[in-house]
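Commentary on secondary and tertiary structure
In case you want the letters, here they are:
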Amino acid sequence: MQPKAQLLGLPSYEPGKPIEEVKKELGLTKIIKLASNENPFGSSPKVTEAIKDAASQTAIYPDGYARTLRQAVAKTYHVKEDQLIFGNGSDEVIQFLCRTFLEKGTNTVTAHPTFSQYKLNATIEGASIREVPLKDGVHDLDAMLEAIDENTKIVWVCNPNNPTGTYVNKEAFEKFLNQVPPHVIVVSDEAYYEYVTADDYPETIPMLERYKQLIILRTFSKAYGLAALRVGFGVANKELISYLQPVRPPFNNVSFGQIAAATALSDQGFIKECVEKNNAGMKQLELFCDRHRLTYYPSETNFLLIELGRSGDEVFKALLKEGFIVRSGNPLGFSTAIRITIGKKEDNEALFQALERVLFQTPLTTQPS
Ligand SMILES: *Cc1c(COP(=O)(O)O)cnc(C)c1O
């Protein structure tokens, strides 16, 4: 057996251990997971009802065109149906982009550190990856421009960026788009779009009229709370979308996912509530960090990357024993940090106590002046 040369040495994705298993191993009765940027408030109650209603429809293939969902998304974002492609999570749209445009002899430009799937999928296609270090935690778009050459096919802007939570503003992004050569696809991965509150965050969908090479990725996994059902999508010009369609498996989105996503989209009240609670939780967490003089990147998402000045892996392990699953910064490119997903108010508070025990042994009783 001889797999493709570029696959040798590639690690397989290491998922976090299932909560039930961790409980058993450590003898814990309760575990709070603040690791994968999932919505701690679940999804709209309407979603559960819609799935229940559809529960008996298991023998029929899903609608490969995702008509109901497609119409709902097109209407919500004021785009045409042929400007959309749906993926089994936006992860799969990243895969479509790489399969469509990348091969040996081509290259792709990303920030570093950023979301790992761009590099992984590009590597599988045999393309070379040009990683441009973040500047103060933010994409260095000027340096990314400089990294582009005639063999560059795709440049990735993770906005806001995972794992830093930082964002590229409207002015910087438009200036960048105006300079990217027309043969290069620009991906704006907006997995945390719903959580962003910054006034100067770019609204990219209206930009599609002017930039034929732009594709925007959104997902139902984060604020919409549907990570289990794997629905994400790309929005772009219809020509770009038409190039991606042949690589999409015909029934890539299951019926329940389609139904759930269309229903979730119709309940914007739920999203608004979740975003407000997230903002409050973010303030709580920032205040905690400020009190303890821990530094962090300003985040426009539902997570915060906190610099601890000591091994993120060790703090991760210590917090696990306390019953909290967070994400060590180590595999994310920040070895002395942890990434924490904003949870429910009471869970955040419990985490702070555990963090105080882990970081300072005994809880601080007085605040540093
Ligand atoms: C979570 C995430 C995604 C992928 O989410 P899916 O569940 O595959 O839709 C994509 N990009 C970033 C930056 C993410 O954090």
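Remember, it's a predicted structure, so these values are computed and weren't measured experimentally. The numbers attached to residues start from 1 for each chain and follow its sequence in the written order. Where totals are concerned, whole chains, interfaces and linings use all residues; where local detail is concerned, this predicted model gives features only for residues with pLDDT of at least 70, and gives and counts side-chain atom pairs only at 80 or more. Side-chain metrics rest on all non-hydrogen atoms present in the structure, leaving aside hydrogens and water.

1. Here we look at the overall build of the protein
Helix numbers and strand numbers start at the N terminus; a helix is a DSSP run of H or I with at least 4 residues, a strand a run of E with at least 2. When helices and strands are counted, the protein shows 12 helices and 13 strands. Computed over C-alpha atoms, the radius of gyration of the protein comes to 21 Å, within 12% of the 21 Å expected from 2.2 N^0.38 for 369 residues, which places it in the range of a compact globule. Along the first, second and third principal axes, the C-alpha atoms of the protein reach 60 × 55 × 55 Å. Here the accessible surface of atoms and residues is derived via Shrake-Rupley with a 1.4 Å probe, and residues count as covered only by protein chains that are part of the display. Accessible surface, the protein as shown: approximately 17,900 Å² in total, 52% of it carbon and sulfur. Across the protein, the 40 positively charged side chains and the 45 negatively charged ones have centroids separated by 3 Å. This radius of gyration counts C-alpha atoms alone. The globule rule is 2.2 Å times how many residues there are, raised to the power 0.38. Counted charges follow a simple rule, with Lys and Arg positive, Asp and Glu negative, and His plus the chain ends left uncounted. By convention, the charge on Lys lies at NZ, on Arg at CZ, on Asp at CG and on Glu at CD.

2. Remarks on the site of the ligand
Consider each residue's heavy atoms; a residue with any of them within 4 Å of a molecule or strand counts as near. With respect to spatial proximity, 13 residues lie near the ligand, and among them Ser90, Tyr192, Thr219, Ser221 and Lys222 are the closest. Asp91 is positioned such that a nitrogen or oxygen atom in its backbone is 2.9 Å from an oxygen atom of the ligand. Contact between the ligand and Lys222: an oxygen atom at 3.0 Å from a side-chain N or O atom of the residue. Starting from 390 Å² of accessible surface for the ligand in isolation, the protein chains cover 94%. In this classification, Asp, Glu, Lys and Arg are treated as charged, Ala, Val, Leu, Ile, Met, Phe, Trp, Tyr, Cys and Pro as nonpolar, and every other residue, Gly included, as polar. Residues belonging to the shell around the ligand are distributed by class as follows: 4 nonpolar, 5 polar and 4 charged. Here a polar contact means two N or O atoms within 3.5 Å. Within protein one must be a hydrogen donor candidate and the other an acceptor candidate, and residues neighboring in sequence count only if both atoms are side-chain atoms.

3. What about unusual backbone geometry?
Residue Pro160 is bonded to the preceding Asn159 through a cis peptide linkage, with omega at -5 degrees. With an omega of 20 degrees, the peptide bond between Asn162 and Pro163 qualifies as cis. Turning to its location among the elements, Pro163 is positioned in the loop between β5 (152–158) and α7 (170–179). One non-glycine residue, Asn37, lies in the positive phi region at around 60 degrees. Tracing the sequence through the fold places Asn37 in the loop between β1 (32–33) and α2 (45–54). Using a 1.4 Å probe on the protein chains alone, a residue whose accessible area is under 20% of its type maximum counts as buried, one over 50% counts as exposed, and one in between counts as partly exposed. The class for Asn37 is buried, based on a relative accessible area of 1%. Located in the positive-phi region is His78, a residue other than glycine, with phi close to 55 degrees. Structurally, His78 is set in the loop between α3 (67–77) and β2 (84–87). In this structure His78 comes out as exposed when scored by relative accessible area, which is 73%.

4. Examining the UniProt feature "modified residue: N6-(pyridoxal phosphate)lysine" (unreviewed entry) in the protein
UniProt positions are given in the numbering used here, feature names are shortened, and annotations may be inferred rather than shown by experiment. Residues annotated in UniProt with the feature "modified residue: N6-(pyridoxal phosphate)lysine" (unreviewed entry) correspond here to Lys222. Taking the relative accessible area as the measure of exposure, Lys222 reaches 15% and is therefore buried. Within the structure, the side chain of Lys222 is placed 3.1 Å from the side chain of Tyr192, a separation counted as a polar contact.

5. A look at the sheet that holds strand β13 (residues 337–341)
On the basis of which strands lie adjacent, the open sheet formed by 4 strands has the order β9-β10-β13-β12 and antiparallel pairing. With one partner strand each, in any of the chains shown, β9 (295–296) and β12 (327–328) form the two edges of the open sheet. Paired strands, as defined in this entry, are two strands with at least two bridges between them according to DSSP. Sheet topology note: the strand β10 (residues 303–307)/β13 ladder contains 5 bridges and is antiparallel. Along β13, the bridge assignment pairs Glu307 with Ala337. Working rule for contacts: check all heavy atoms of both residues, and any pair within 4.5 Å makes them a contact. The axes are straight lines fitted to the C-alpha atoms, using for helices just the contacting stretch, and the angles between their N-to-C directions are given from 0 to 180°. Running over the sheet, helix α11 (residues 312–321) touches β12 and β13 and is turned about 45 degrees from β13.

6. Regarding the nonpolar core
Within the largest apolar cluster, 56 residues are counted, with the highest numbers of intra-cluster contacts made by Leu69, Val73, Phe173, Phe176, Val186, Leu214 and Phe220. Per-element accounting of this core gives the leading share, 5 residues, to helix α9 (residues 255–266). If we skip the residues at most four places from it in the chain, Val186 touches Val155, Val157, Phe173, Phe176, Leu177, Val180, Gln213, Leu214 and Ile215. Only buried residues count toward a nonpolar core, which is a set of Ala, Val, Leu, Ile, Met, Phe, Trp, Tyr and Cys residues joined through side-chain atoms within 4.5 Å. Residues Leu285, Cys289, Leu308 and Ala354 belong to the second largest nonpolar core, which totals 23 residues.

7. Digging into α3
Residues of α3 that are buried include every one of Leu69, Arg70, Val73, Ala74 and Tyr77, and no others. Down the axis of α3, the sector holding all buried residues measures 130 degrees, keeping them to one side. α3 presents Thr68 and Lys75 as exposed residues on the side facing more than 90 degrees away from its buried surface. Looking at the buried side of α3, the elements it contacts are β2, β7 (214–219), β8 (232–236) and α9. Trailing α3 by a residue or two, His78 shows a phi angle of about 55 degrees, which is positive. By definition, the arc is the one covered by directions from the helix axis to the C-beta atoms.

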